[in-house]
Amino acid sequence: EEPKAVEDLDAEEEAFWNSFGKLGGIEEISTVTPTSVAHKWVAANEPSYDEAKSTFVSGDVRQVDEAYELVFSTIAMQKNRMEKDVKGVSKDMVPGKRSYIVMPNFLTASATSFERFAMEVRAIVDTIPGLSDELSMSTLHPETVEKEWRSPHPILILQWYDVDEKSK
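Residues numbered from 1 in each chain as written. Predicted model: local features only at pLDDT ≥ 70, side-chain atom pairs only at ≥ 80, totals over all residues. Heavy atoms only, no water.

## Remarks on helix α2 (residues 34-45)
In a regular helix each residue adds 1.5 Å, so 12 residues correspond to 16 Å; α2 covers 16 Å between its end C-alpha atoms and thus fits that length. Ala38, Trp41 and Val42 are the residues of α2 that are buried. Taken down its axis, α2 places every buried residue within 100° of arc, on the same side. Projecting away from the buried face of α2 at angles above 90 degrees are the exposed residues Lys40 and Ala44. The inward-facing, buried residues of α2 abut β1 (54-58), β2 (93-102), β3 (135-140) and β4 (155-163). (Helix = DSSP H or I, 4+ residues; strand = E, 2+ residues; numbered from the N terminus. Expected span 1.5 Å × (residues − 1). Buried < 20%, exposed > 50% of the residue type's maximum accessible area, 1.4 Å probe, protein only. Arc of directions from axis to C-beta. Contact = heavy atoms within 4.5 Å.)

## With respect to the confidence of the model for the chain
In regions of low pLDDT, the predicted coordinates are not meant to be interpreted in detail. Of the residues in the chain, 73% have a pLDDT of 70 or more, and the chain-wide mean is 79. The secondary structure element of the chain with the lowest average pLDDT is helix α1 (residues 6-20), at 68, and the one with the highest is β1, at 92. Confidence over residues 81-89 falls short of pLDDT 50; this stretch has 12 contacts with residues more than four positions distant or in other chains. (pLDDT = per-residue confidence, 0-100.)

## Digging into the pattern of salt bridges
Scanning the model with the defined rule gives three salt bridges in all. A salt bridge links Glu46 to Arg98, with the shortest nitrogen-to-oxygen separation between them at 3.2 Å. One end of the pair, Glu46, is in the loop between α2 and β1; the other, Arg98, is in strand β2, with 52 residues separating them in the sequence. In this structure Glu46 comes out as buried when scored by relative accessible area, which is 7%. Residue Arg98 is classed as buried on the basis of its relative accessible area of 9%. With its nearest N and O atoms 3.5 Å apart, the salt bridge here joins Arg62 to Asp60. Relative accessible area serves as the criterion here: at 51%, Arg62 is assigned to the exposed category. (Salt bridge = Lys/Arg side-chain N within 4 Å of Asp/Glu carboxyl O.)

## Description of the pairing of β4
Most of β4 is tucked away: seven of the nine residues are buried. The pairing of β2 with β4 spans eight bridges and is antiparallel. Residue Ile101 lies in a different strand from β4, and its bridge partner there is Leu156. Both β3 and β4 contribute to a ladder of six bridges, which runs antiparallel. Note on β4: the bridge partner recorded for Ser138 is Ile157. (Pairing = 2+ DSSP bridges.)

Below you can see the structure in the form of C-alpha cells.
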C-alpha cells in the first residue's frame, strides 16, 4: 500500500476526533473550568492582581455551610502569623498574598447576598485575635451594579497583609 498524503491523514484525524462527539451525546471535550475562566478575567480586569502573589481556589459549594467550610479551610491553610516587635506593638503592614476563592455555584443570582455572606465571614474573622489585622476581604460577582466588577463567577477575595520589612 502506498503512503497516505498529508491531506488524507488530516482527514482521518479529523474524523477520529469528530467521532467522540457522536458517543453518548457528548458534543465536545473542554478543559475550561470555572477557576481558569475566573483567573483569566481577574488577570485582565482586577488592578490589584499580581501573579506572583495570587492564588486561586475553587469549590463546587451550593450551601452556606459548605461555603463557610471552603473559606475558613482556605484561611487556615494560608494563615500567616502577624509578627510583633519586642514590646508587643504591631509592625506596619503592607499587602501580601491575595487569594481568590471562586464559587461558581454559590449565590450566583444575588450579588447582595454574596456581599452579605462576605460580611458574615468578616464578622467571624474579627472575633479571632490578630487575624483581622492581617486579612481583609472583598467580592466580585456577575450581578454587581458596577459593570467593571462583574466577574464570570462569584469570587471572594482574601487580601493578606505582611509586616513591612522597612519598619523592622
